[in-house]
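# Per-entry structural report
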2 protein chains.
Amino acid sequence: MKKSNNHYHHGHLAESLLDAVDEIATQFGIEAVTLRGCAKRVGVSPASAFRHYSDKRSLLTVFATRAVNQLADSMETSMLQAQDSGQDALQAVCMAYVQFALSKPAFFRAMWREEMIYTQDPDYLVATQRLASYLQQGFVNTITDEDPCNFSPQEMLAWSSVHGLACLFVDGPVARDKGMEEKLAIAEAVLTQLTPVLTQ
Amino acid sequence: MKKSNNHYHHGHLAESLLDAVDEIATQFGIEAVTLRGCAKRVGVSPASAFRHYSDKRSLLTVFATRAVNQLADSMETSMLQAQDSGQDALQAVCMAYVQFALSKPAFFRAMWREEMIYTQDPDYLVATQRLASYLQQGFVNTITDEDPCNFSPQEMLAWSSVHGLACLFVDGPVARDKGMEEKLAIAEAVLTQLTPVLTQ
DNA sequence: GGTCATATGTTAACACTGTTAACTTACAAT
DNA sequence: ATTGTAAGTTAACAGTGTTAACATATGACC
């Protein structure tokens, strides 16, 4: 947090670049994110980013990891709220998933761009596993509990349908003209259809 | 099909470029597709592509449309086969969806890249509506039949879950180490869970 | 068959991209 | 104070989409 009167050293460049990705992606979409653009926004030379990230892809990987954790945070709070008020926790978690995708589409896209990020990155993997764990809630006593990447058909169904909904809303031809509330209503209707299968 | 001895005019450049996109995307992924790369592969100058496509994005839009129609074709044949052999047609259509995504991941990605294609393109829209119609099969006597973009919760559930499965397999952290047969088995298990809801 | 408009190709340039190498500056430990 | 290192700059590289100016083959019309 030290601030020098001389601005040769930025001090928090790594994080500031992430914020720049955030802003540009939010305004103009993930495809518009450019290393030079981020550097210019931060007020720094184009090459400086490479002191903190070996790659553009590395920067986007960290950004994606951040986004996954934001989504997981949102799911966690929704889950806790539902548990306090005695509502269906799984449904709340699923709705949080869709809501995040709708309100931050660029972030949601960045999370799953296999070709734009290093999907083998340890931090990224940890984040996605954390994400998955919230969708496995309610299925604690399923048979396979050893491998955290192994899902029961029920768990896969939950994740698949909510992920499909989010993707179809964000990148698909579904409900393009409709507003956010309508889309959330559709999601709620779809997930309600699903609850008898998931809570058996 | 006429072939001149002088090669100044290529003759089928528009389609050949699409084939180049196909090959490069299959080999190196959609992100590796480059106008100049396609032109070089076809044996033509970089600027020639602009006589047939106003944009890189236009080229990718036509490619995506082509891919959507290929998927729809595959779903149609699966549906007909299932109807002939008395099997569940919807399940067959869904499995064809997942299978296509797994065997042609670059194509599947290209279909839904909102920021890389013109999603308002008429041909693209027609193709996606055709695709959706196969997933609406079996729900013919639902209430809303006027707007082809309007789906019942059941229809949305079918599309969402199958689309989510495909996306999670292609770009997600699910079953990365597993082979195609195992993934198809997972998909089958998930969809089987779903049939009671869909065939009520 | 010759003329000529047009469709379709080429070339050369533009600004922009990610990335690297060589250099410079500030900080922090001795 | 010296000096090694972390973190910035500058200048260059090849590669990208795109355009304008030019060139050539095709096909329609007389």
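Use the structure listed above.
As the structure is a computational prediction, the values presented were derived from the model and not from experiment.

### Description of the packing of aromatic side chains
Within a pair of aromatic rings, the relevant descriptors are the distance that separates the centres and the angle that separates the planes. All names here are of chain A. Applying the stated criterion across every chain, the model contains 8 aromatic pairs over all chains. Pairing Phe63 with Phe107 gives two aromatic rings, centres 5.0 Å apart and planes at 65 degrees, and the pair type is edge-to-face. On the criterion of sequence distance, the pair formed by Phe63 in helix H3 (residues 56-84) and Phe107 in helix H5 (residues 105-111) is long-range, its members being 44 residues apart. The pair Phe63 / Phe107 is uniform in exposure class, with both members buried. With centroids separated by 5.5 Å and ring planes inclined at 65 degrees, the aromatic side chains of Phe151 and Trp159 adopt a geometry described as edge-to-face. The exposure class assigned to Phe151 is buried, which follows from its relative accessible area of 14%. Taken together, Tyr97, Phe108 and Trp112 form an aromatic cluster joined through their ring pairs. The cationic tip of Lys104 hangs over the ring face of Phe107; the distance from NZ or CZ to the ring centre is 4.7 Å.

### Section: the relation of the copies chain B and chain A
Two chain copies, one operation linking them: a rotation about an axis together with a shift along it. For the pair chain B and chain A, the superposition axis carries a translation of 0.0 Å, the fit reaches an RMSD of 0.0 Å, and the rotation angle comes to 180 degrees. The relationship between the two copies is best expressed as a two-fold rotation axis. In this assembly the copies share their binding face: 100% of the residues contributing to the interface of chain B also contribute to that of chain A.

### Structural notes on unusual backbone geometry
At A:Ala175, a residue that is not glycine, the phi angle is positive and equals roughly 55 degrees. Secondary-structure assignment places A:Ala175 in the loop between helix H7 (153-171) and helix H8 (180-198).

### A look at the nonpolar core
Counting residues in hydrophobic clusters, the biggest one holds 142 residues, and the most contacted among them are A:Tyr97, A:Trp159, B:Tyr97 and B:Trp159. Here this core takes 12 residues from helix H4 (residues 89-103) of chain A, the largest share from any one element. Excluding anything up to four places from it in sequence, A:Trp159 contacts A:Tyr97, A:Trp112, A:Ala132, A:Leu135, A:Phe151, B:Leu168, B:Pro173 and B:Val174.

### Some thoughts on helix H6 (residues 122-136) of chain A
All names here are of chain A. Taking 1.5 Å per residue as the helical rise, H6 with its 15 residues ought to reach 21 Å, and the 21 Å between its terminal C-alpha atoms agrees with that figure. Within H6, burial applies to Tyr124, Ala127, Thr128, Leu131, Ala132, Tyr134, Leu135 and Gln136. Buried positions along H6 lie against H3, H4, H5 and H7. At the N-terminal boundary of H6, the capping side chain belongs to Asp121, with an oxygen 3.1 Å from the backbone nitrogen of Asp123.

### Let's talk about H3(A)
Turn by turn, an α-helix covers 3.6 residues, leaving residues three or four places apart pointing in a common direction. Over its 29 residues, H3(A) extends 42 Å from the first C-alpha to the last, a length consistent with the 42 Å expected when each residue adds 1.5 Å. Backbone geometry just downstream of H3(A) places A:Gly86 in the positive-phi region, at approximately 70 degrees.

### Regarding the interface of chain B and chain A
On the side of chain A, 39 residues touch chain B, which itself brings 39 residues to the contact. Considering only the surface of chain B that becomes buried against chain A, B:Glu115, B:Leu168 and B:Gln193 emerge as the three largest contributors, covering 17% of it. For A:Arg176, the salt bridge identified is with B:Glu114, shortest N-O distance 3.5 Å. Summed over the shared surface of chain B and chain A, the result is 9 residue pairs in polar contact (both at pLDDT 80 or more). Each residue belonging to the side of chain B that touches chain A can be placed in one class, and the counts come to 19 nonpolar, 12 polar and 8 charged.

Conventions adopted
Per-chain numbering applies: the sequence of each chain, read as written, is numbered from 1 onward. For naming, the first written chain is A and the first written ligand is 1, with later ones following in the order written. In keeping with the model being predicted, local features are shown solely for residues with a pLDDT of at least 70 and side-chain atom pairs are shown and tallied solely at 80 or more, while totals for entire chains, interfaces and linings include all residues. Heavy atoms from the whole structure form the basis of all side-chain values; hydrogens and water molecules are not counted. Two aromatic rings from Phe, Tyr or Trp, using only the six-membered ring of Trp, form a pair when their centres are within 6.5 Å; if the ring planes differ by under 30 degrees the pair is stacked, by over 60 it is edge-to-face, and anything between is tilted. In DSSP terms, a helix is any run of H or I states spanning at least four residues, a strand is any run of E spanning at least two, and both are numbered starting from the N terminus. Note on exposure labels: buried denotes an accessible area under 20% of the residue type's maximum, exposed denotes more than 50%, and partly exposed covers the range between, all computed with a 1.4 Å probe on protein chains only. Counting as a charge over the ring demands two things of the Lys NZ or Arg CZ atom: a distance within 6 Å of the ring centre and an angle within 35 degrees of the ring normal. Superposition of the copies used a least-squares fit over C-alpha atoms from residues whose pLDDT is at least 70 in both. In this analysis, two residues are considered to be in contact whenever any of their non-hydrogen atoms come within 4.5 Å of each other. Residues belong to one nonpolar core when they are buried, are Ala, Val, Leu, Ile, Met, Phe, Trp, Tyr or Cys, and are joined through side-chain atoms within 4.5 Å. Here, expected helix span is obtained from the residue count minus one, scaled by 1.5 Å. Any N or O atom pair separated by 3.5 Å or less is treated as a polar contact, with the protein-specific requirement of one donor-capable and one acceptor-capable atom, and with residues adjacent in sequence counted only for side-chain atom pairs. Once two parts are put together, the accessible area they lose, assessed with a 1.4 Å probe and summed over both, is termed the buried area. For this document, the term salt bridge refers to a Lys or Arg side-chain nitrogen within 4 Å of an Asp or Glu carboxyl oxygen. Note on residue classes: Ala, Val, Leu, Ile, Met, Phe, Trp, Tyr, Cys and Pro are nonpolar, Asp, Glu, Lys and Arg are charged, and everything else, Gly too, is polar.

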